[in-house]
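Next come the chains, spelled out residue by residue.
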Amino acid sequence: MATATRTITVAHSPDSDDAFMFYALAEGKVDTGALEYRHELQDIETLNQRALKGELEVTAVSIHAFAYLADRYALLPHGASMGDRYGPRLVGRRKYGREAIKGTRIAVPGPLTSAYLALRLFEPDFEAVFVPFDKIEDAVLDAHVDFGLLIHEGQLTYRERDLHLLVDLGEWWHDQTGLPLPLGGNVVRKDLGAELIGTVSRHLKASIAYGLTHRRQALDHAMRYARGLERGQADTFVGMYVNEWTLDYGDAGRAAVRLFLQRGVEAGIIPHPVTVDFAD
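Residues numbered from 1 in each chain as written. Predicted model: local features only at pLDDT ≥ 70, side-chain atom pairs only at ≥ 80, totals over all residues. Heavy atoms only, no water.

Draft legend 1. Summary view of the pairing of strand E11 (residues 181–189). Of all 9 residues making up E11, 9 are buried, and the element is well covered by its neighbours. As paired elements, strand E3 (residues 58–62) and E11 share 5 bridges and run antiparallel to each other. Looking at E11, one finds that Val58 is bridged to Val188. Examined bridge by bridge, strand E4 (residues 73–75) and E11 share 3 bridges and lie antiparallel to one another. Across the sheet, residue Ala74 finds its bridge partner in E11, namely Val188. With 3 bridges connecting them, strand E5 (residues 81–83) and E11 associate as antiparallel partners. Residue pairing for E11: Ser81 is matched across the bridge by Gly184. (Buried < 20%, exposed > 50% of the residue type's maximum accessible area, 1.4 Å probe, protein only. Helix = DSSP H or I, 4+ residues; strand = E, 2+ residues; numbered from the N terminus. Pairing = 2+ DSSP bridges.)

Here's what the structure looks like:
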């Protein structure tokens, strides 16, 4: 008898790093048996909001957003985007000292992004202006805001638009804690059950491992989502956020997630304690 096929929706951002991570799964390089994966691509803040409604079985989310998802989702032990002494970058139209941002208007990519939480931990006193991540540079250059917090490819290209760095939040976090800054992760809905979760987890980890060991082909695929980056820049960007941390958080990565969310609770940004569960 033929085995019935079950379809699992996997949602992630249309970015070169996520495309690299899911390349093998999307292109049939991983034997998934009776499971079929349907990919949905949307920006991370949209995915955060959809996960709040429980719409998605497996999805990339911001680690900050996980604080509001922990009752329904578990973090998969792989798929992390960790800023290891680098991360979201705060930029302005001129060179400023770090103290210049107090009380200013800052364009940020969404209220549930990890970039926003990290900035609040760095400097609580500012007015957040929520702007789509790919419009933040324009908002700064047009003087609609004083500063902008850049994620994704903007972390590498802001100098090309004559913007100036005030602070790299991943570097700041490492100076504070000695840990990488946890930015994004893959989560799975707990109601899938332990057996199915374990199978999905193995498939997604296999996809990441395949990309890392077939880098050229995976980067070819990722270039479709590189938003104007040259290949060398895209390779650098992918290397920043798809690496050994992505295969497994490890003890340090798990500690970083818990500390990041704990600091958010202690600062009053996250209104409740968070229990962080990692799927097996």
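Draft legend 2. Molecular detail of unusual backbone geometry. For Asp162, which is not glycine, the phi torsion reads 60 degrees and is therefore positive. A positive phi angle is found at Arg227, which is not glycine, with a value near 50 degrees. Checked against the element boundaries, Arg227 lands in the loop between helix H9 (215–222) and helix H10 (231–241).

Draft legend 3. The packing of aromatic side chains, seen in detail. Under the defined criterion, the tally for this structure stands at 10 aromatic pairs. Here the aromatic rings of Tyr116 and Phe126 are separated by 6.3 Å at their centres, their planes lie at 80 degrees, and the arrangement is edge-to-face. One end of the pair, Tyr116, is in helix H4 (residues 114–122); the other, Phe126, is in the loop between H4 and strand E8 (127–130), with 10 residues separating them in the sequence. For the pair Tyr116 and Phe126, a shared accessibility class is recorded, and that class is buried. Each ring, one from Trp172 and one from Trp173, has its centre 6.3 Å from the other, and the planes form 55 degrees; the classification is tilted. For Trp173, a relative accessible area of 0% puts it in the buried group. Aromatic ring contacts, followed pair by pair, group Phe122, Trp172, Trp173 and Phe260 into a single cluster. Lying over the aromatic face of Phe126, Arg120 brings its terminal NZ or CZ to 3.9 Å of the ring centre. (Phe/Tyr/Trp six-rings, centres within 6.5 Å; stacked < 30°, edge-to-face > 60°. Lys NZ or Arg CZ within 6 Å of the ring centre and 35° of its normal.)

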